[in-house]
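# Per-entry structural report
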Amino acid sequence: MNERVTLEIIDNIAVVTMNRPDKLNALDMAMFDGLAKTAKKLAKNRDIRAVILRGEGNAFCSGLDVKSLMKNPLGAAKLLIKPGRKISNLAQDVGYLWRQVPVPVIAVTHGKCWGGGFQIALGADFRYTTPDCEFSIMEMKWGLIPDMSGSITLRELISIDLAKELTMTARIFEGNEAKTMGLVSKVSDTPFDDAIAFAKELSQRSPDAIANAKKLFNNTWTATEKVALWWETKLQKQLLGRWNQRAAISQNNPKEKNPMTFKKRAK
């Protein structure tokens, strides 16, 4: 997409790489723009079945490049502007937009996953990490609060007191503790390989059902019972009787000699 963010599609799995290894993939304006544009592009791609988000070099992302952004205050101000009727600004987009991509997004972290980098990873559906990866909600160190959609993603994963503690202390913790707290999905020495295997497993399911499952939980996790039940019915009606739903039945019928194959995602 640009020199800061690369995109490679392998067997319908999109691999998005933050590509600023000399700065531990710290977030400058080019990185913000590249991540947002890539997420928007992938949201429209009906052929992909999963996204893997990773960082080149020795870190996933070390957070905001404060020095770079301070050199251009007018450019940095762009981060906090909400254009038109959008609900999120550019700073929030790099975490929030992954929730809008209708396929599973897996963040693969290693090295450092600090501040804004951590909030980007939280925007993914799953987080696979190495045991020694360092995590931190580091904004408090600079007299700031997390403002890159962390207020949405943290509440879905941990209790409010733990969210406050991690935010107020800005302490660093590693992969195994992150797993214990519920902030990561899997800890291993080979998180990228594991993420690829998981993505391939999910690609064997109906792409429409996968997309609606993601939308169901994102839209109902903190909703009222009335709203949650409404979304269940709405999304189920979109699946019943359609090609990919019939293909799922066909593929799970042991008597079927020539099972139907899945088509690309409906929308």
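Residues numbered from 1 in each chain as written. Predicted model: local features only at pLDDT ≥ 70, side-chain atom pairs only at ≥ 80, totals over all residues. Heavy atoms only, no water.

In the nomenclature of an unreviewed UniProt entry, the protein corresponds to Crotonase/enoyl-CoA hydratase family protein from the organism Alkalimarinus alittae. Database annotation for the protein, UniProt heading Pathway (unreviewed entry): "Lipid metabolism; fatty acid beta-oxidation." Its UniProt record gives the protein the following Sequence similarities (unreviewed entry) comment, quoted word for word: "Belongs to the enoyl-CoA hydratase/isomerase family." (UniProt positions renumbered as here; feature names shortened; annotations may be inferred.)

Pairing is mixed in the open sheet, where 6 strands are placed in the order E1-E2-E3-E4-E6-E9. Across the chains shown, the open sheet's two edge strands, defined by having one partner strand only, are strand E1 (5-10) and strand E9 (186-187). Relative to strand E3 (residues 50-55), strand E2 (residues 13-18) is paired through 6 bridges, and the arrangement is parallel. The residue bridging alanine 14 from the neighbouring strand is valine 51, located in E3. Here helix H1 (residues 29-43) sits on the sheet and contacts E1, E2 and E3; the angle it forms with E1, its principal contact strand, is near 25 degrees. (Pairing = 2+ DSSP bridges. Helix = DSSP H or I, 4+ residues; strand = E, 2+ residues; numbered from the N terminus. Contact = heavy atoms within 4.5 Å. Axes fitted to C-alpha atoms, helices over the stretch in contact; angles between N-to-C directions.)

Taken together, the side chains of Leu64, Val66 and Met70 make up a nonpolar region of the molecular surface, amounting to roughly 280 Å² of accessible area. Its place among the elements puts leucine 64 in the loop between E3 and helix H2 (66-70). (Patch = residues over 30% accessible without salt bridge, like charges linked within 9 Å, V, L, I, M, F, W, Y side chains within 5 Å. Areas by Shrake-Rupley, 256 points an atom, 1.4 Å probe, with all protein chains shown as cover. Salt bridge = Lys/Arg side-chain N within 4 Å of Asp/Glu carboxyl O.)

Of all 6 residues making up E3, 5 are buried, and the element is well covered by its neighbours. Taking the sense of rotation as the criterion, the β-α-β connection linking E2, H1 and E3 turns out right-handed. Across 3 bridges, E3 lies against strand E4 (residues 105-109) in parallel orientation. Across the sheet, residue leucine 53 finds its bridge partner in E4, namely alanine 107. (Buried < 20%, exposed > 50% of the residue type's maximum accessible area, 1.4 Å probe, protein only. Right-handed = clockwise from strand over helix to strand, strands pointing away.)

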